[in-house]
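Descriptive analysis of the structure
What follows is the residue order along each chain.
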Amino acid sequence: MSHERALAFLRALPAEPLLSGPTPVLDMARLGPALGGGPRLLVKRDDAIPFGFGGNKVRKLALVAAQARAEGARTLVTMGGVQSNHCRATAAAAARLGLACHLVLNGERPETPRANALLDELFGASAEYVATRDERAPAVARAVARLEAEGQRPFAIPLGASTPLGALAYALAIDELVAQGVVPSVIVHATSSAGTQAGLLAGVTLLGLRTRVLGVSADASSAELSPIVLDLARAALEATGVSGDALGADAVVVEDGFVGDGYGIPSAASREAAQLAARHEALLVDHTYTAKALAAVVAGVREGRFGGEGPVLFWHTGGQVGLFA
Ligand SMILES: *Cc1c(COP(=O)(O)O)cnc(C)c1O
């Protein structure tokens, strides 16, 4: 199948209407000079998706929830941390689509739910808590078995909705970006469960762009995460009828130098990036994901590491609710 046919397939994928059209692409006109000049800096505002406080999970869930409904699901089941943006977006999607939602969260049940945990409750999701990340998947399997026995027709959504179909939401997002007339030399974004980066790479491949994609890890090392991104990007391409070999392994670049002391723990660089964004652009980034990705933009501009003709685009993947945790 040619890439044209793959693009036609992609554009025709069934999607729930959780998006309200393209997200804005804005110039970060004051941040660049504050960093001493350099390339034109843009931001793609997926934090400003109007649905349920937005973020990258809404794009992925628009496709994955459509699959769930096509399969007759009545309950969405997924997992994450207590402050998971993905769980909050899943709870919101379920509410909007008239489905039930059950969440498996690692951490302590909060006495006073805040931020994403508060929203999960408002959206009407039920939640159970496990002590560690490793206990989540077995707990999801048990919940699915129980809900099936009760006739609740569960549909389990993997971590971050990072299935090949979920990833294709970001291939569609590349299509959206190009239709906005923007072809960056590099896209910088936060990466964790690999779906966003895999989809961006699949989209760049399908559209034949020379744009580089730099995923900035929120937790895992590049050695751990890169093969996962590559496999998922190739599976996403295969789902559109294109050979996975269309994507070379060297296109997958995961920067793990901004994790700092670990997942969700602010670093000096992420604190500085958050302050720069807020004070120069009135942009809000979170300490788990987007501040660390923006810190990579800040460092790259200062060190003159972004060559190429087009602008540098920071893809804001959301997470602003976490500021109120
Ligand atoms: C989940 C998430 C990411 C990471 O996206 P993946 O597709 O899981 O790699 C980045 N930023 C925010 C705000 C997120 O919630």
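It should be emphasised that the depicted structure is a prediction, and the values quoted were computed from it without experimental measurement.

Let us now look at the site of the ligand. Around the ligand there are 16 residues in total, and Lys57, Lys60, Ser193, Thr196 and Thr317 lie nearest to it. Within the side chain of Lys60, one N or O atom sits 2.6 Å away from an oxygen atom of the ligand. Between the ligand and the protein, one listed contact pairs a nitrogen atom with a side-chain N or O atom of Thr317 at 2.6 Å. Within the complex, the protein chains bury 98% of what would otherwise be the 380 Å² of accessible surface of the ligand.

Another point: the sheet that holds strand β1 (residues 25-27). Taken in spatial order, the six strands of this open sheet run β1-β2-β10-β7-β8-β9, and their pairing is mixed. Two strands lie at the open edges of the sheet, namely β1 and β9 (253-255), each paired on one side alone. Going from strand to strand, the sheet's axes swing by 30° on average, the running direction of each strand aside. As judged from the five bridges shared by strand β2 (residues 41-45) and strand β10 (residues 312-316), these two strands associate in the parallel manner. Residue pairing for β10: Arg45 is matched across the bridge by His316. On the sheet, helix α7 (residues 164-179) packs against β1, β2, β7 (186-191) and β10 and is oriented at approximately 130° with respect to β10. Sheet strands touched by helix α8 (residues 195-206): β7, β8 (212-217), β9 and β10. Its angle to β8, the strand with the most contacts, is close to 175°.

Let's shift gears to the packing of aromatic side chains. Scanning the entire structure with this criterion turns up two aromatic pairs. Taking the centre distance of 5.7 Å and the plane angle of 70° together, the rings of Tyr170 and Trp315 count as edge-to-face. Of this pair, Tyr170 sits in helix α7 while Trp315 sits in strand β10, and the two are 145 residues apart along the sequence. Residue classification places Trp315 among the buried residues on the basis of a relative accessible area of 0%. Residues Tyr263 and Tyr289 carry aromatic rings whose centres are separated by 5.9 Å and whose planes lie at 80° to one another, so their mutual orientation is edge-to-face. In this pair, Tyr263 sits in the loop between β9 and α10 (268-281) while Tyr289 sits in the loop between α10 and α11 (290-302), placing the two residues 26 residues apart along the sequence. What makes Tyr263 partly exposed here is its relative accessible area of 38%. Lying over the aromatic face of Tyr289, Lys57 brings its terminal NZ or CZ to 5.6 Å of the ring centre. The ring of Tyr170 carries Arg59 above its face, with NZ or CZ at 5.5 Å from the centroid.

Right, let's talk about the domain arrangement of the protein chain for a bit. What the domain assignment reports for the protein chain is domain 1 (3-55 + 162-324) and domain 2 (73-152). Taking only C-alpha atoms into account, the centre of domain 1 sits 26 Å from that of domain 2. In this complex, domain 1 contributes 13 residues to the contact, which on the side of domain 2 involves 13 residues. Carbon and sulfur atoms make up 64% of the surface buried where domain 1 meets domain 2, a total of about 970 Å² over both sides. Where domain 1 meets domain 2, there are one salt bridge.

If a strand is regular, its side chains alternate between the two faces of the sheet. Within β8, five of the six residues are buried, which leaves the element mostly enclosed by the surrounding structure. Of the strand pairs in this sheet, β7 and β8 are connected by six bridges, and their pairing is parallel. Pairing of His189 across the sheet is with Gly215, part of β8. In this view, the connection linking β7 to its parallel neighbour β8 by way of α8 has right-handed handedness. Sheet topology note: the β8/β9 ladder contains three bridges and is parallel. Bridge assignment links Leu214 to a residue of β9, and that residue is Val253. Taking the sense of rotation as the criterion, the β-α-β connection linking β8, helix α9 (residues 222-239) and β9 turns out right-handed.

Procedures and definitions
- Residues numbered from 1 in each chain as written.
- Predicted model: local features only at pLDDT ≥ 70, side-chain atom pairs only at ≥ 80, totals over all residues.
- Heavy atoms only, no water.
- Near = heavy atom within 4 Å.
- Polar contact = N/O pair within 3.5 Å; in protein donor to acceptor, adjacent residues only side chain to side chain.
- Areas by Shrake-Rupley, 256 points an atom, 1.4 Å probe, with all protein chains shown as cover.
- Pairing = 2+ DSSP bridges.
- Helix = DSSP H or I, 4+ residues; strand = E, 2+ residues; numbered from the N terminus.
- Axes fitted to C-alpha atoms, helices over the stretch in contact; angles between N-to-C directions.
- Contact = heavy atoms within 4.5 Å.
- Phe/Tyr/Trp six-rings, centres within 6.5 Å; stacked < 30°, edge-to-face > 60°.
- Buried < 20%, exposed > 50% of the residue type's maximum accessible area, 1.4 Å probe, protein only.
- Lys NZ or Arg CZ within 6 Å of the ring centre and 35° of its normal.
- Domains from an automatic or database assignment.
- Buried area = accessible area lost by both parts, 1.4 Å probe.
- Salt bridge = Lys/Arg side-chain N within 4 Å of Asp/Glu carboxyl O.
- Right-handed = clockwise from strand over helix to strand, strands pointing away.

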